[in-house]
Amino acid sequence: MASLTTVQAARVLIVDDNRDTADTTAMLLRIQGYDVAVAYDGRSAINTAKRYDPDVVLLDLSLPDIDGYAVAESLRKDGMNRASFIALSGHGPDDRSWEQLHFVDYLVKPVEHETLVSLLLRVQAQKQV
């Protein structure tokens, strides 16, 4: 497994309406030393992000109430510019609109744990440069 020496304090907000996926991912990241919060819909994600102040937001784009694009746009408009946003979806991107909201990457579910941890390490390393 990847080393977490540079990201021990990384705060990750997982936003996914699939509770099993969100909770399992949160558990695996916590085991590796990440500080993790979870939200299961768009409104909760916005409220949680404002309180939690994450370093990284793993954001499902297909949420039941507000889609992930609108969540990202709302958080960016509210000044959440420090956090890195990673788009999650059950299908590949059909356009590049996710980049316009400054997502650092786009992952297609299911995401392998090693792939996610490697991406989180890269994102945090880039912030430290």
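Procedures and definitions
- Residues numbered from 1 in each chain as written.
- Predicted model: local features only at pLDDT ≥ 70, side-chain atom pairs only at ≥ 80, totals over all residues.
- Heavy atoms only, no water.
- Salt bridge = Lys/Arg side-chain N within 4 Å of Asp/Glu carboxyl O.
- Helix = DSSP H or I, 4+ residues; strand = E, 2+ residues; numbered from the N terminus.
- Buried < 20%, exposed > 50% of the residue type's maximum accessible area, 1.4 Å probe, protein only.
- Pairing = 2+ DSSP bridges.
- Right-handed = clockwise from strand over helix to strand, strands pointing away.
- pLDDT = per-residue confidence, 0-100.
- Contact = heavy atoms within 4.5 Å.
- Phe/Tyr/Trp six-rings, centres within 6.5 Å; stacked < 30°, edge-to-face > 60°.
- Lys NZ or Arg CZ within 6 Å of the ring centre and 35° of its normal.

> Looking at this structure, how should I read the pattern of salt bridges?
Note on pairing: side chains with opposite charge can pair once their charged atoms come close. In total, this model carries nine salt bridges according to the counting rule given. Residues Asp-53 and Arg-82 are paired through a salt bridge, measuring 3.1 Å at the closest nitrogen-oxygen approach. Of this pair, Asp-53 sits in the loop between helix H2 (42-52) and strand S3 (56-60) while Arg-82 sits in the loop between helix H3 (68-77) and strand S4 (84-89); the two residues are 29 residues apart in sequence, bridging distant segments of the chain. One salt bridge connects Arg-82 with Asp-55, and the closest N-O pair in it is separated by 2.5 Å. With Arg-82 in the loop between H3 and S4 and Asp-55 in the loop between H2 and S3, the pair connects residues that are 27 residues apart, well separated along the chain. The exposure class of Arg-82 is partly exposed, given its relative accessible area of 42%. Looking at Asp-55, the relative accessible area reads 12%, which means it is buried.

> What am I meant to see in the pairing of strand S1 (residues 11-15) here?
For a regular strand, side-chain orientation follows a simple rule: the groups alternate between the two sheet faces. Burial runs high along S1: four of the five residues are buried. With five bridges joining them, S1 and strand S2 (residues 35-39) adopt parallel strand pairing. Directly across from Arg-11, in S2, lies its bridge partner Asp-35. Following the backbone out of S1, through helix H1 (residues 19-31) and into the adjacent parallel S2, one traces a crossover that is right-handed. With four bridges joining them, S1 and S3 adopt parallel strand pairing. Pairing of Val-12 across the sheet is with Val-56, part of S3.

> When you look at the confidence of the model for the protein chain in this model, what are you seeing that I'm missing?
Scored by pLDDT, the protein chain has a mean of 88; 86% of the residues are at 70 or more. Considering only residues more than four positions removed or in separate chains, one finds that residues 1-8, a stretch of pLDDT under 50, has 21 contacts.

> How should I be thinking about the packing of aromatic side chains in this particular structure?
The description of an aromatic ring pair uses the distance of the two centres, along with the angle that the planes make with each other. Evaluation of the coordinates by the stated rule reveals one aromatic pair. Between Phe-85 and Phe-103 the ring centres are 6.1 Å apart and the planes differ by 90 degrees, which places this aromatic pair in the edge-to-face class. Residue Phe-85 is located in strand S4, and its partner Phe-103 is located in strand S5 (residues 103-108); the two are separated by 18 residues in the primary sequence. Residue classification places Phe-85 among the buried positions, given a relative accessible area of 0%. For Phe-103, a relative accessible area of 6% gives the class buried. Over the ring of Tyr-40 we find Arg-19; its NZ or CZ atom is 3.9 Å from the centre of that ring.

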